[in-house]
Each structure stands twice: as C-alpha cells, then as structure tokens.
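The lines below spell out each chain.
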Amino acid sequence: MNTAFLHRVSLVALLFVAVSCATPAANDNDMPTINPANWPTTTGGVPLDPAIEARIGEIMATMTVEELVAQTIQADIGSITPEEVREYRLGSVLNGGNSAPNADVRAPAPEWVALADEFYAASMDTTGGRKAIPLLWGSDAVHGHGNIVGATVFPHNIGLGAMRNPELMRQIGRVTAIEMLVTGLDWTFAPTIAVVRNDRWGRTYEGYSEDPEILPAYSRAMVEGLQGTLGSDEFLDANHVISTAKHFIGDGGTRDGIDQGDNYDSEADLRDNHGAGYPAAVEAGVQSVMASFNTWHDKKMHGHEALLTQVLKERMGFNGFVVGDWNGHGQVEGCENTSCAASMNAGVDMFMAPDSWRGLYENTLAQVQSGEIPRERLDDAVRRILRVKLRAGMFEKAKPSARPMAGDYDVLGAPEHLEVARLAVRESLVLLKNQGGLLPLRADQRVLVAGDGADDIGKQSGGWTLSWQGTGNTNADFPGGVSIYAGLREAIEAGGGTATLSVDGTYSQAPDVAVVVFGEDPYAEFMGDREHVDFDDDRGLNLLRSFKEAGIPTVAIFLSGRAMWVNPEMNAADAFVAAWLPGSQGGGVADVLVRTPGGDVAHDFKGKLSYSWPRTAVQVKLNRGDADYDPLFAYGYGLTYGDDGDMEMLSEVSGLSDDGGDSGVFFAAGEAAAPWSLQGTSGGTAVTVVDAVTPVGDALTIRSVDRAAQEDAKQATWSGGAAAAVQVSGEAMDYARESNGDMAIAIQYRVDAAPEGNVAMFVTDASGAQTALDVTALFAEAAIGEWTQSDIKLSCFAEAGADVAALTTVLGIETSAAFALSLSDVRLASNEGRAICP
C-alpha cells in the first residue's frame with residue numbers, strides 16, 4: 001500500500017514528499033526492544049479442544065500447499081468474483097468501506113445475502129477434487145451493522161466511552177451480531193480498542209477513551225456481546241459472530257496523530273496504555289486480532305514478530321488468528337502489496353489483500369516452496385484459521401441464506417434494537433454548560449431548531465456509515481432513523497409546544513428558545529487527520545451569535561468525532577451539549593433535553609468525558625496524568641441537572657498562529673480540501689463527488705482508487721461520448737500574488753488510458769469565464785500506469801486572460817475523447833525550475 005513517492009500523511013499537513021512529520025529525536029532512534037516477560041499473561045482465552053485440533057490435522061493432511069496458502073489470503077468483494085474464489089480457494093473475503101454487492105453501498109439487504117450464498121457455494125464446491133472449506137466474510141460493523149440500509153446505527157465509540165456502561169456495550173454487541181447474521185455475514189472487524197493519545201488523529205472517534213481505565217471492561221463486554229460468553233452454550237453459536245480486537249498495537253499513539261504513522265512511546269506506555277484492552281479481549285475469547293498500520297520505533301507492526309508472535313500469541317496465549325489490515329503488509333520494509341514473506345513470518349496469519357490478492361497468492365506460494373516462508377509457519381497460520389472456522393461451526397452451517405435469522409429482514413432496525421441505540425445516545429451525551437438552568441427545556445414552548453446537523457441523520461452518524469467516509473447519505477437511507485430535529489419535534493409537540501426546523505436560522509416569529517445543531521462533517525481514517533483541534537467552521541457560531549443578539553436563549557448541540565476548541569461557540573450559547581456522533585437514533589437527544597409534558601425531568605445527563613476537553617486549539621495531546629495537564633474540562637467531567645451549570649466567559653484566543661494555514665492545498669488524500677469541492681460537469685450539469693463511484697451523465701465516471709492508502713486518489717474515466725470535465729471548484733479566491741510570484745499548480749497524476757483526442761486544462765474566474773490550456777501532449781506522452789507530477793505556472797493562465805484574483809475553479813480537466821486519468825494531489829507549489837506552460 002506504500003510507495004516511495006508518497007507517504008501517508010495528514011490531509012491538512014500533506015506537504016510535498018518530505019515535510020509532513022517531525023523528525024524523531026535522537027533517543028527515539030535507539031530502537032528499544034520488546035521484552036515479552038514485561039507483558040501480561042492471560043488465562044489464554046478459549047482452551048484448545050483436542051477434538052477440534054485432531055480434526056484440523058485431518059483436514060490439513062489432505063490439503064495441497066496451494067490450498068493451504070489460499071486460506072491465508074483475504075480479498076475484497078469489489079476485486080474478486082465467486083468464480084475466482086472457486087478457482088483459487090481463498091479462505092476469506094471482506095467488504096471494504098466502499099465495497100458492496102453490485103458496487104452499490106446502499107444495496108438492499110437481500111442482495112447481501114444472495115452474494116454471501118454465491119461466495120459460500122464457491123468455497124464449498126468439490127468438483128475436480130477441490131477441498132470444501134467454508135470461507136469467512138469479514139465486515140467493518142464498527143457502530144452497528146452500518147453497511148446495511150435499515151440496520152441499527154449506534155453512537156461511535158467516543159460517545160460509548162462517555163457512558164461508562166459495560167453492560168450496555170454487551171447489548172450493543174449482541175444487536176450488532178444479530179443484524180449481521182440477517183445479511184449472511186459471520187465476522188466483524190470490531191471492537192476497536194485503541195487508546196487515543198493525540199486528538200489530531202482521524203480515527204479518534206473509534207477509540208473509547210484517551211485513558212486505559214475503561215478499556216478492559218469495554219473490550220471484554222463488546223467481545224462477549226458479539227461472540228457470546230466464553231464457557232457458555234451461546235459462545236460462537238448460531239446467534240453470534242466472530243469478533244476482532246484491533247488494531248494491534250499503538251495506533252492511537254502515533255506522532256502528531258498521523259494515521260498509519262510512527263509510535264515512539266516507551267515499551268511500558270505501549271503495554272499499559274495501548275495494550276490495555278487486549279488481555280481482557282483474549283480472556284473473553286476474541287477469535288481474531290487485526291495488526292495495525294503504525295510502526296513502533298520505525299518498525300511496521302505488520303512485520304513485528306516480537307509483538308505479534310512473542311507477546312500476543314505466546315505471552316498472552318492468543319490462539320486465534322492475526323489478520324492484516326488493508327494491504328498493510330505492503331508497508332513492511334522490503335515488501336510490496338503483492339509480496340511480503342516478512343509479514344507472515346512475523347506472525348500475520350491472514351493477509352488482507354483487497355485488490356492485490358492474486359499476485360500475493362502467487363508470490364506467497366513461491367515463497368513457501370522456496371523455504372523463504374517456512375512450511376511450519378504456513379501450517380501454523382492455516383491451523384489458526386481453521387481452528388476459528390471450526391469453533392464457529394462454519395463446517396456444519398448451511399449456506400448463509402439458510403441459517404437462523406438470515407433473511408429475516410424485519411430484525412434489521414427492530415424496535416427493541418432501536419431502543420438500545422436510543423438508550424446509548426441518552427447515556428453518551430455530556431453536558432458542559434447550562435447557564436441559568438436553561439435545560440431541560442419545557443415542552444410547551446416555541447422552539448426553533450437550526451443548523452446543518454439538525455435534520456441530517458448522515459451527519460449525526462459520521463463515518464463508516466453505508467459508505468467508508470459516511471458521505472452522500474440522506475435521511476431516506478435510514479428507514480427507522482430519527483434526526484435530532486425529528487426527536488425534538490416529537491417531544492415538544494407531545495407537551496403542547498411547537499418545534500420548527502430552520503437550517504439557516506431564519507424565522508417569522510421569534511422563538512422562546514433556539515437549538516442549534518452543528519459540528520464536523522463525516523470522515524473516516526486518515527481523511528480526518530487534522531493539524532489542530534480548532535473547530536474552524538463558523539456556521540454554527542454565526543447562528544448562535546445571531547440568536548444571542550436577538551435575545552433568544554440558545555442550546556448548542558455539538559456533533560464531533562473528538563473534543564474540539566469551541567470557546568466562541570460556548571460563549572455564544574446558554575447551554576452546550578457534546579453529542580459526539582450519536583448514530584441513527586437522534587431521539588435520544590430529546591429524551592434528555594426536553595421535560596415530560598407534565599414538567600418533570602425525563603432523563604438526566606449521565607455522560608462523562610472520556611476525552612479531556614481542550615482549553616486551546618493547540619492542545620492536541622491532552623491526556624489525564626500528563627505533567628502539563630491543563631484542560632478546559634477534565635477527563636470525567638460532565639454536568640447533571642443537579643449541578644450548577646453556569647460558566648464564566650471563556651478566552652477566545654485559540655493559540656494558533658496567523659501564518660495562513662494550509663490554504664494552498666486543493667485536493668489531497670482522495671478528497672478536495674476545504675473550502676473546495678471536487679466536481680464532475682457535463683452538458684451544463686455539475687455533480688459534486690461524494691461517493692466512491694460518481695457517474696456524471698453518460699460521458700464521465702469518477703471513482704475512488706488507491707495510491708498510497710485506501711481510496712486516497714480519484715480516477716476520472718471519459719467515455720468519449722460528449723464533453724465532460726473533472727474540476728476543483730469553490731468560492732472565488734485571490735491568487736494574484738501567487739501568480740505574480742511565479743508559483744505553480746502542482747498536480748500528481750497517473751494516466752491510466754491515453755487520451756484519444758484533445759485535452760484541456762482550465763481555470764474559471766468569478767465572471768464565469770473559462771481559460772484553457774491545451775495539455776494533450778502532456779498526458780499523451782506520459783507513461784501509462786505510472787504516477788508522476790507536473791507543475792503548471794499560474795501565470796500561464798493569467799497570460800491567457802484568466803482573472804487569477806478571483807478563481808472559482810483552480811483546476812479543471814476537460815475532454816470529449818476517451819481518456820482515463822487518476823489524481824492524487826493538487827496544490828500550490830513554488831516554481832523551483834520545473835514549472836511549465838503547456
């Protein structure tokens with residue numbers, strides 16, 4: 001997954017090639033070693049069953065080396081067909097964040113069951129002497145079975161951590177397992193038990209806490225909810241699924257919070273913080289552990305034998321299997337996505353090779369045959385995989401559609417499941433301010449509900465919801481879902497009041513109180529990496545201030561995947577609630593905020609911060625126990641209605657410098673950087689790209705592709721039927737100074753199919769005028785399939801007549817010919833003698 005040319009870095013910090021990360025201090029490079037004796041032992045989880053072990057031996061004795069290797073390979077359903085599973089006998093498939101039946105992330109549940117049947121039948125086909133070994137289908141059901149339209153979507157882990165309720169976690173795991181089984185799937189890549197030590201990390205919301213305190217109880221409860229309680233008859237029975245503890249180990253402690261980055265913690269911190277949840281998960285019987293993308297002192301975890309084998313398997317006694325992450329083996333030194341003996345030798349038992357599976361299978365087979373991968377290591381990996389399949393009864397189960405609960409689609413989002421989710425929302429809310437006791441609201445009032453998050457179930461659910469990034473969803477995609485506004489309206493109207501939705505805050509009659517729902521837009525993984533924790537979107541602030549100026553009391557409902565600096569918003573609001581990412585049951589917010597029709601408190605606040613709240617925007621590494629610990633609200637803080645919720649005015653000095661930030665980034669890590677958007681245009685119609693596959697009329701298709709990480713680039717494919725363009729556009733920006741300073745637009749791209757006609761590169765100014773340059777030769781002469789970079793002088797467009805003082809499109813590429821081009825990065829760059837005018 002890694003390349004020499006482009007490293008995985010933060011979206012907003014992605015500076016050309018070399019300057020993304022701080023250089024480790026000298027003592028960071030001492031390469032400390034792991035001493036397994038320093039790590040905890042466990043009860044060993046599931047004891048080995050002699051009957052199962054004997055059966056494994058019998059099965060393996062009849063398997064060819066080709067079949068053994070195939071068990072260690074997992075492919076993505078978007079890159080493999082059932083017929084290929086039948087041919088290669090792979091041990092597993094997965095659906096990545098944007099993979100689904102028929103490439104439709106909103107495919108109805110029956111299509112999932114049908115495809116599961118097809119893959120199962122392929123793995124069990126014995127024609128030609130093939131060995132029937134049922135394959136596993138793994139899926140990221142990380143806050144409920146959020147891949148499926150109609151499933152129950154729970155709050156993300158950051159909110160669940162605020163509950164401090166392991167028993168409710170067990171119920172959430174149970175519901176998730178049941179709803180997965182309805183769609184024929186049998187393995188989830190959950191729970192994430194990362195301890196997050198830097199809130200710049202884009203996966204912060206996937207961690208329960210910054211502190212290891214709650215991790216043992218939470219990891220145990222979630223594993224038991226998903227798999228059943230070890231030692232009981234329900235363990236891995238037909239009503240449960242296989243779970244995965246991830247990501248082993250240190251993912252929440254990377255330097256600067258960069259996803260897939262470098263962890264330089266001491267061995268003690270790695271063990272006591274980042275490893276806190278793993279012994280409990282092993283003792284609860286977790287059957288798979290996912291290796292992490294990160295390094296520990298410059299050594300990739302996918303290649304770290306001391307941690308994967310000596311600590312996890314031998315010291316902790318984990319006897320399930322270790323699965324890799326998305327092409328994570330390819331990041332190991334000396335490896336490629338299609339070849340990595342070092343990863344298996346280190347202890348990875350199953351490669352997650354979504355699109356690289358064929359080459360990896362062939363090379364792994366050759367490495368076993370040559371002895372580069374010892375046969376006993378391969379046998380151990382396969383034994384572990386078969387052990388889990390046998391424990392889960394995979395060999396005895398019928399095809400997915402014939403299993404208990406499969407196809408019972410009424411179970412998806414069943415009322416009792418939604419009530420568990422609603423309870424989780426209620427218990428996860430954290431009250432930070434309640435000036436004058438404004439909350440709870442009387443239900444007989446005139447309430448205005450404003451903000452872009454008020455009636456948007458997709459926004460309140462966040463990433464990993466239907467699609468990888470959680471973008472492009474509408475309320476119609478959540479049957480059974482309740483927006484925060486809808487929940488408030490129901491509660492207010494039940495008490496005789498009125499609740500009016502006004503996203504922009506306008507009104508004809510002044511309300512008694514305004515509720516403003518705002519926050520972060522959905523993101524996942526590295527797409528959410530940040531330079532700071534300033535919530536730098538003023539839309540919610542402007543609404544709060546406008547109501548304050550009008551003398552209207554205000555309640556702020558803040559949606560976010562991390563604790564953020566929102567001092568101006570807190571000052572402008574009378575009450576402030578951290579709602580995190582509550583999922584599909586927004587009615588849980590109203591349960592706590594609104595009194596009963598009789599005037600009583602319906603439900604009090606229970607949530608307590610599991611992440612310290614920053615005093616400034618640069619307190620990105622703010623954790624209980626730090627020597628310089630100085631939060632605005634400490635770990636464990638959270639008001640109830642019995643507390644004094646008044647607050648003095650807060651400082652609105654963020655602590656950020658005024659250096660101008662990263663305004664020169666237009667497109668990076670697979671998406672346009674704010675305030676820009678990626679668009680496709682054809683025939684006068686513009687389509688904003690938010691999904692993994694975006695058709696633009698019949699002339700152009702824009703889809704997500706991998707360069708250095710999952711979906712960190714976009715591929716534009718022109719059919720040649722009509723003129724169409726891909727462009728980065730937004731509000732008018734002034735680049736006259738940059739043009740005069742001889743700066744360039746630097747583009748990193750790959751030509752996937754040479755243009756069959758003329759290609760233009762253009763900018764558009766505020767008048768609507770388009771200024772184009774002929775770049776046909778640039779792309780026609782490029783090597784097919786190779787990433788490269790070209791720098792185009794801004795002055796080229798200025799000289800051609802563009803008003804660079806008011807650009808609304810900073811880069812557009814248009815053709816009416818057949819052509820395929822992938823883009824991974826577009827930004828301003830200094831002209832270092834390489835910039836050109838085409």
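Coordinates for the structure precede this section.
Parameters at a glance
Residues numbered from 1 in each chain as written. Predicted model: local features only at pLDDT ≥ 70, side-chain atom pairs only at ≥ 80, totals over all residues. Heavy atoms only, no water. Buried < 20%, exposed > 50% of the residue type's maximum accessible area, 1.4 Å probe, protein only. Helix = DSSP H or I, 4+ residues; strand = E, 2+ residues; numbered from the N terminus. Arc of directions from axis to C-beta. Phe/Tyr/Trp six-rings, centres within 6.5 Å; stacked < 30°, edge-to-face > 60°. Pairing = 2+ DSSP bridges. Contact = heavy atoms within 4.5 Å. Axes fitted to C-alpha atoms, helices over the stretch in contact; angles between N-to-C directions. Parallel < 35°, antiparallel > 145°, perpendicular 65-115°, else oblique. Left-handed = near helix turned anticlockwise from the far one by under 90°. Nonpolar A, V, L, I, M, F, W, Y, C, P; charged D, E, K, R; others polar. Disulfide = S-S within 2.5 Å. Polar contact = N/O pair within 3.5 Å; in protein donor to acceptor, adjacent residues only side chain to side chain.

1. Remarks on helix H8 (residues 267–274)
Residues of H8 that are buried: Glu267, Leu270, Asn273 and His274. One side of H8 carries all its buried residues, which in axial view fall inside an arc of 160 degrees.

2. Some details on the packing of aromatic side chains
By the definition in use, this model includes 24 aromatic pairs. A ring pair is formed by Phe558 and Trp613, whose centres lie 6.4 Å apart and whose planes are at 65 degrees; its orientation type is edge-to-face. Of this pair, Phe558 sits in strand S16 (residues 554–559) while Trp613 is found in the loop between helix H19 (587–593) and strand S18 (665–668), placing the two residues 55 residues apart along the sequence. Here Phe558 matches Trp613 in class, with each residue buried.

3. Let's talk about the sheet that holds strand S2 (residues 92–95)
Ordered in space as S4-S3-S2-S1-S11, the five strands form an open sheet in which the pairing is parallel. The two strands at the open ends of the sheet, each matched to only one other strand, are strand S4 (187–188) and strand S11 (351–352). Across the sheet, helix H4 (residues 109–124) touches S2 and strand S3 (136–139), and the angle it forms with S3 is around 140 degrees. Strand contacts of helix H12 (residues 357–370): strand S1 (73–76) and S11, with the helix running at about 165 degrees to S1, the strand carrying the most contacts.

4. Some words on the packing of helix H1 (residues 50–61) against helix H13 (residues 375–391)
The N-to-C vectors of H1 and H13 enclose an angle of 125 degrees; their axes lie 10 Å apart at closest approach. Our classification of the angle between H1 and H13 gives oblique. Considering how the two elements wind past one another, H1 and H13 form a crossing that is right-handed. Contacts between H1 and H13 involve Ile52, Glu53, Arg55, Ile56, Gly57, Ile59 and Met60 from the first element and Asp379, Val382, Arg383, Leu386, Arg387, Leu390 and Arg391 from the second. Its residues assigned to classes, the contact of H1 with H13 shows seven nonpolar, one polar and six charged.

5. Details of the state of the cysteines
By definition, a disulfide links two cysteine residues through a covalent bond between their sulfur atoms. Counting across every chain of the model gives two disulfides. Across the disulfide, Cys335 is cross-linked to Cys340 (sulfur-sulfur distance 2.2 Å). Across the S-S bond linking Cys335 and Cys340, the dihedral sits near 65 degrees, which makes this disulfide right-handed. Assessed through its relative accessible area of 15%, Cys335 is described here as buried.

6. Looking at the side chain of His247
As for its placement among the helices and strands, His247 is situated in strand S5 (residues 244–248). Look at His247 and you get buried, because its relative accessible area is 3%. Within the local environment of His247, its side chain forms a polar contact with the side chain of Asp251, the two groups lying 2.9 Å apart. Dropping the residues within four chain positions of it, His247 is found in contact with Thr192, Arg203, Tyr278, Met290, Ala291, Ser292 and Asp325.

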